[in-house]
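Notes for the structure review
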Amino acid sequence: MNDIFLKPYNPVETEDRIYDSWEKSGYFDYEKLPKRYADGQPFSIVLPPPNVTGTLHMGSALMLAIEDIMVRYARMTGKRTMWIPGTDHAAIATQSKVEKEISKKEGKSRHDLGREELLRRIDIFAKESHDVIVKQVRKMGCSIDWSREAFTLDEKRNLAVRTVFKKMFDDGIIYRGFRVVNWDPKGQTTISDDEIVYETRKTKLYTFKYSKDIPISISTTRPETKLGDTAIAVHPDDARFAKYIGKEFSTVFAGEPIHLKVISDISVEKDFGTGALGVTPAHSAIDWEMSQKNNLPLKQVINEYGKMMVGNDSIMGKKTAEAREAVVEWLRAEGLLEKEEDIEHNIALAERTGGVVEPLPKLQWFVGVNKKFRAQKGKFAGKEVTLKELMHDAVESGDTKMIPDRFEKTYIHWIDNLRDWCISRQIWYGHRVPVWYREVESEKLKEESGKWKAESEKLEIYCDINPPKGEGWKQDEDTLDTWFSSGLWTFSTLGWPDEKEFSKYKEFHPNTILETGWDILPFWVARMILMSTYVLGEVPFKSVYLHGLVRDAQGRKISKSLGNNVEPLDMIAKYGADAVRVSLIIGVGPGNDSKIGEDKIKAYKLFANKLWNITRFILSGTEGCNYDVGFDKSTEKDLALKEEFSAILKDITSDMENFRYYLAGDKLYQYAWHRLADVLLEESKAILSSGIIANGAPESPEKTSRQQFLLDTLIKLVRALHPFMPYITEEIWAYLPGVGGSAEKSGKDVKELLMVSEWPL
RNA sequence: GCGCGGUUAGCUCAGUUGGUAGAGCAUCCCCUUGACGUGGGGAGGGUCACAGGUUCGAAUCCUGUAUCGCGCACCA
């Protein structure tokens, strides 16, 4: 027996060495796997690219652990495994983080630095962040193919983005439209619906009349926007207002002339406020929709900085909050204010900057999800479809299955509520919109209602993968929503749009599985389905495994402000990656949130040690034992024990096939500790010490049988545990007899690594 | 408003197709000095949120209720 087993297991000393030997073997790359893999089924998965905004947390560690279990299990069952790493540039998140830092340290804004310098700074930051992330992924023991690493903003991915944009543009799916969008005055950019977080705040609901001559009272929490009202809406069945429908009124409201038409719309609730609603098309998404249906004019009264563009002297130029006071004052003075009440109200905040979102009418790029186009590839080839239909069908048809399946409902629900996706961002870090403009009529833009739409018509627009030739072209200043590029991830990482390269990897797409957190189901999963079904006519992956949130020991969300972050690298240094992995896996079913505390990690460090000692006992008790004899001489009792373990392994295999890693891991833990160690090793002590006979004489059959049983069981146990605890099992494997000694140790008999050995049955 | 999930031992949670309630931690008792004290054995502790139903049989399936949490929409 090697002396190494006389000391307790030392993960720190072992893990880096083992990871090196894996990398040197080349087996992370499916093309370099041993020959017998040549006919193996393909197994493909992408790493959900972590944002380069920071470093990994316990949630990422859980993700890495689950995915590595999937990949290692697949490899051990003979599959050609391709796991692709990468990182996400995370546009807004990264830029706002770097901007914040620069402003804090140097007191400079992005405009002080300029586009080029800011991008240079962001690249430096992203690089540093990337390096830490890569180190963390290695430390977790991930058997991921580094030779295929990608970045959502690198050259290849940029080509993929431009190619898809152009295709969508030509299909009329991408359009430039003047619409009310979510504007973040703090970040000075548009954001999508998904980048908004809601916060409940106390606010006042004001009820008033626009003027003494207008007979309908309305309620609002935002009186300052009423300067931009162009209609009053009531429910069509509301008898109280029926006589006014179609009537028009004019007045001067807080210094601003307004003209109101009374319209009816079923989206008005009769019971809220006065039952009538002031329609502000420019500053409310729903009012904007109403204005489109009713052909109402649009009037912007708040600008990009959240300041008033109209009104009397005490309003014009003021921020919205001050203007609100001023408007209320004016209402009071005019005797128009009827009621003030306190209500709870959800306000929309930009997720990244915390700015209060201001709905504003802007000219932006959109992906139209309800726009019909003719599908070219896949099951709908030749048919007229919409993106929404494709996304709906992917899950509805079962082409993509979700684990657990309850998330399929969530997904469908989300798709049904889907609106056009605003993809342009007024930030610098990201994929630049591949569109160029040339003025054909140099008429100045007029900030007057109705004239906005004309603006784009005076421009010649060119969209292509490469810039246009000729004079006077200017590229669109905007960049694309980060999800536009991460939506392409399953195929942009496989060489697409280079047909030659992509065809080589054809069998790896759709990916076998996608593993990610349920919290990004709508953002990322749905967008990958959108992109893949549109571009390739096939789903991006056959299954989606969704893991839950990792919370702290008290069940609180991990957050910076609470300071309750458990640093994966610290825990790995203290207890080893194997312990961290298992503690995150066991007892946590798919889709369920979990709690992680140091105690739990510690408990599995003890398990690693137990495993080490089991090995020590078995190796010392079986020295010189001829493994090749096999089980033909097993006692009945040992045969039964072998059957027992086989049955457990069969059960565990079924768990692995059905993504029940939390059960499989626990069963192995229970067997190893409470069956093998507590019972079988204890009873083996007597058996192993009994059969000692004089030199040269054969051992007792009972002892030989037991020795063989113990070794056989240890070998199978180590194999089955490998996906869960890759480091310690690989280390033990190197010292097991009968399966070929370690190459470094003996020089002869080159043994294959455990990572490419067969899953036990 | 629409939808999803939880409710099982003091705590944290398993319980896969329905078959006499499980683990870890905690508590208490005992054992153990050549695999491991990072150990072993044992005990106490639960009307499986509640009420109906299906069934020979329900923690598990169905209906409803309560309660906690979450998502989406609305939030004039």
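Note that the structure is a prediction, hence the values are computed from the model and not measured.

Scanning chain A for helices and strands turns up 23 helices and 27 strands. If one aligns the C-alpha atoms of chain A with their principal axes, the spans along those axes are about 115 × 60 × 55 Å. Relative to its 761 residues, chain A shows a buried fraction of 56%. Intrachain contacts of chain A at a sequence separation of at least 6 include 77% that bridge at least 24 residues. Summed over its atoms, the accessible surface of chain A is roughly 33200 Å², and 50% of this surface lies on carbon and sulfur atoms.

We now examine the protein's contact with RNA strand B. Residues in close proximity to RNA strand B total 40 residues, the closest being Ser219, Thr220, His345, Lys610 and Trp673. Sugar and phosphate atoms form 58% of the subset of RNA strand B atoms that lie within 4 Å of the protein. Residue Lys667 places a side-chain N or O atom 3.4 Å away from a base oxygen belonging to RNA strand B. At the level of secondary structure, the elements contributing two or more residues to the surface near RNA strand B comprise strand S7 (196–209), strand S8 (217–220), strand S12 (276–279), strand S13 (337–350), helix H10 (406–416), helix H18 (598–621) and helix H20 (661–690). Here the surface near RNA strand B gets 10 residues from one element, more than from any other, and that element is H20.

Moving on, we come to the environment of Pro297. By the element assignment, Pro297 lies in the loop between helix H7 (285–294) and helix H8 (320–334). A residue is classified by how much of its surface remains accessible, and Pro297, at 47% relative accessible area, is partly exposed. The contacts of Pro297, once residues within four sequence positions are left out, are Thr230 and Pro281.

Tracing the chain through its elements places Lys362 in strand S14 (residues 358–367). A residue is classified by how much of its surface remains accessible, and Lys362, at 14% relative accessible area, is buried. Here the alpha-carbon distance between Lys362 and Ser532, two residues 170 residues apart in the chain, equals 29 Å. With near-sequence residues (within four places) excluded, Lys362 lies in contact with Gly177, Phe178, Arg179, Val181, Trp183, Thr190 and Glu304. Only 2.5 Å separates the side chain of Lys362 from the side chain of Glu304, close enough to count as a polar contact.

Another aspect to go through is unusual backbone geometry. Following Trp496, the chain continues to Pro497 via a peptide bond in cis, the omega torsion being 10 degrees. Of note, Pro497 is situated in the loop between helix H13 (489–492) and helix H14 (499–504). Of note, the amide linkage connecting His509 to Pro510 takes the cis form, showing an omega dihedral of 0 degrees. Looking at the element boundaries, Pro510 is found in the loop between H14 and strand S24 (511–517). A positive phi is found at Ala254, a non-glycine position, where the angle reads about 50 degrees. Relative to the assigned elements, Ala254 resides in the loop between strand S10 (248–253) and strand S11 (256–264).

This part covers the pattern of salt bridges. Think of it this way: side chains of opposite charge can pair up when their charged atoms draw near. Counting across every chain of the model gives 56 salt bridges. Residue Glu256 pairs with Lys299 through a salt bridge whose shortest N-O separation is 3.1 Å. With Glu256 in strand S11 and Lys299 in the loop between H7 and H8, this pair connects stretches of sequence that are 43 residues apart. One exposure class covers both Glu256 and Lys299, and it is buried.

Now for the pairing of S11. Pairing analysis gives four bridges linking strand S9 (residues 231–234) to S11, with the strands arranged parallel. Each bridged residue has a counterpart across the sheet, and for Ala233 the counterpart in S11 is Ile263. Of the pairings in the sheet, the one linking S10 to S11 comprises six bridges and is antiparallel in character. Looking at S11, one finds that Val252 is bridged to Pro257. Connecting S10 to the antiparallel partner S11 that follows it, the hairpin turn spans two residues, and Ala254 within it adopts a positive phi of roughly 50 degrees.

Another aspect to go through is the sheet that holds strand S20 (residues 435–439). Taken in spatial order, the three strands line up as S21-S20-S22 in an open sheet, and their pairing is antiparallel. Edge positions in the sheet fall to strand S21 (459–463) and strand S22 (474–475), since each of these pairs with one other strand and no more. Of the pairings in the sheet, the one linking S20 to S21 comprises five bridges and is antiparallel in character. Across the sheet, the residue bridging to Glu439 is Leu459, located in S21.

For the coordinates displayed, the defined rule picks out 31 aromatic pairs. Ring geometry for Phe5 against Tyr735: centres 5.6 Å apart, planes inclined by 90 degrees, an arrangement best described as edge-to-face. Within this pair, whereas Phe5 is found in the segment before helix H1 (11–25), its partner Tyr735 is found in the loop between helix H22 (726–733) and helix H23 (743–746), the two being separated by 730 residues in sequence. Judged by relative accessible area, Phe5 falls into the buried class, the value being 0%. Every member of this aromatic cluster is reached through a ring pair, and the members are Phe165, Phe169, Trp365, Trp421 and Phe484. One residue, Arg179, lies across the ring of Phe366, its end atom 4.2 Å from the ring centre.

So, on to the nonpolar core. In this structure, Met58, Phe165, Met168, Tyr411, Phe484, Tyr661 and Phe724 are the most contacted members of the largest nonpolar core, which totals 166 residues. Take this core: its biggest share by element is 13 residues, from helix H2 (residues 58–76). Every residue in contact with Met168, bar those within four places of it in the chain, is listed here: Ile173, Ile174, Val367, Leu387, Phe484, Leu530, Met531 and Tyr534. Of all hydrophobic cores here, the second largest spans 33 residues; its members include Val234, Phe249, Met308 and Leu360.

With that out of the way, let us pick up the side chain of Glu515. Of note, Glu515 is situated in strand S24. There is no salt bridge for the buried Glu515, and the closest opposite charge comes from Arg581, which lies 12 Å off by N-O distance. Side chain to side chain, Glu515 and His547 meet in a polar contact 2.5 Å long.

Glancing now at the sheet that holds strand S17 (residues 401–403). The strand order across the open sheet formed by three strands is S17-S25-S24, and the pairing between neighbours is parallel. Of all strands in the sheet, those with a lone pairing partner are S17 and S24, marking the two edges. Across the sheet, the mean angle from the axis of one strand to that of its neighbour is 20 degrees, orientation sign disregarded. By the bridge criterion, six bridges tie S24 to strand S25 (residues 541–547) in an arrangement that is parallel. In the sheet register, Asn511 faces S25, and the bridge partner there is Phe541. The sheet contacts of H2 involve S24 and S25, and relative to S25 the element is tilted by about 140 degrees.

Take the side chain of Thr81 next. Within the element layout of this structure, Thr81 appears in strand S2 (residues 80–84). Excluding its chain neighbours within four sequence positions, the residues that come into contact with Thr81 are Phe28, Tyr30, Leu33, Phe43, Val71, Ala74 and Arg75.

So, on to helix H15 (residues 521–535). The first and last C-alpha atoms of H15 sit 20 Å apart over 15 residues, in line with the 21 Å expected at 1.5 Å per residue. Among the 15 residues of H15, 14 are classified as buried, and the element is accordingly described as predominantly covered. The positive-phi residue at the C-terminal boundary of H15 is Gly537, with phi of around 75 degrees.

Okay, the packing of H1 against H22 next. In the contact formed by H1 and H22, the axes pass within 10 Å of each other and the chain directions differ by 80 degrees. Here H1 lies roughly perpendicular to H22, going by the angle between them. Residue-level contacts link Thr14, Glu15, Arg17, Ile18, Tyr19 and Trp22 of H1 to Pro726, Tyr727, Glu730 and Glu731 of H22. Residue composition of the contact of H1 with H22, by class: five nonpolar, one polar and four charged.

Cut-offs applied
Residues numbered from 1 in each chain as written. Chains lettered and ligands numbered in written order. Predicted model: local features only at pLDDT ≥ 70, side-chain atom pairs only at ≥ 80, totals over all residues. Heavy atoms only, no water. Helix = DSSP H or I, 4+ residues; strand = E, 2+ residues; numbered from the N terminus. Buried < 20%, exposed > 50% of the residue type's maximum accessible area, 1.4 Å probe, protein only. Contact = heavy atoms within 4.5 Å. Areas by Shrake-Rupley, 256 points an atom, 1.4 Å probe, with all protein chains shown as cover. Near = heavy atom within 4 Å. Polar contact = N/O pair within 3.5 Å; in protein donor to acceptor, adjacent residues only side chain to side chain. Salt bridge = Lys/Arg side-chain N within 4 Å of Asp/Glu carboxyl O. Pairing = 2+ DSSP bridges. Phe/Tyr/Trp six-rings, centres within 6.5 Å; stacked < 30°, edge-to-face > 60°. Lys NZ or Arg CZ within 6 Å of the ring centre and 35° of its normal. Core = buried A, V, L, I, M, F, W, Y, C linked by side-chain atoms within 4.5 Å. Lys, Arg positive; Asp, Glu negative; His and termini not counted. Axes fitted to C-alpha atoms, helices over the stretch in contact; angles between N-to-C directions. Expected span 1.5 Å × (residues − 1). Parallel < 35°, antiparallel > 145°, perpendicular 65-115°, else oblique. Nonpolar A, V, L, I, M, F, W, Y, C, P; charged D, E, K, R; others polar.

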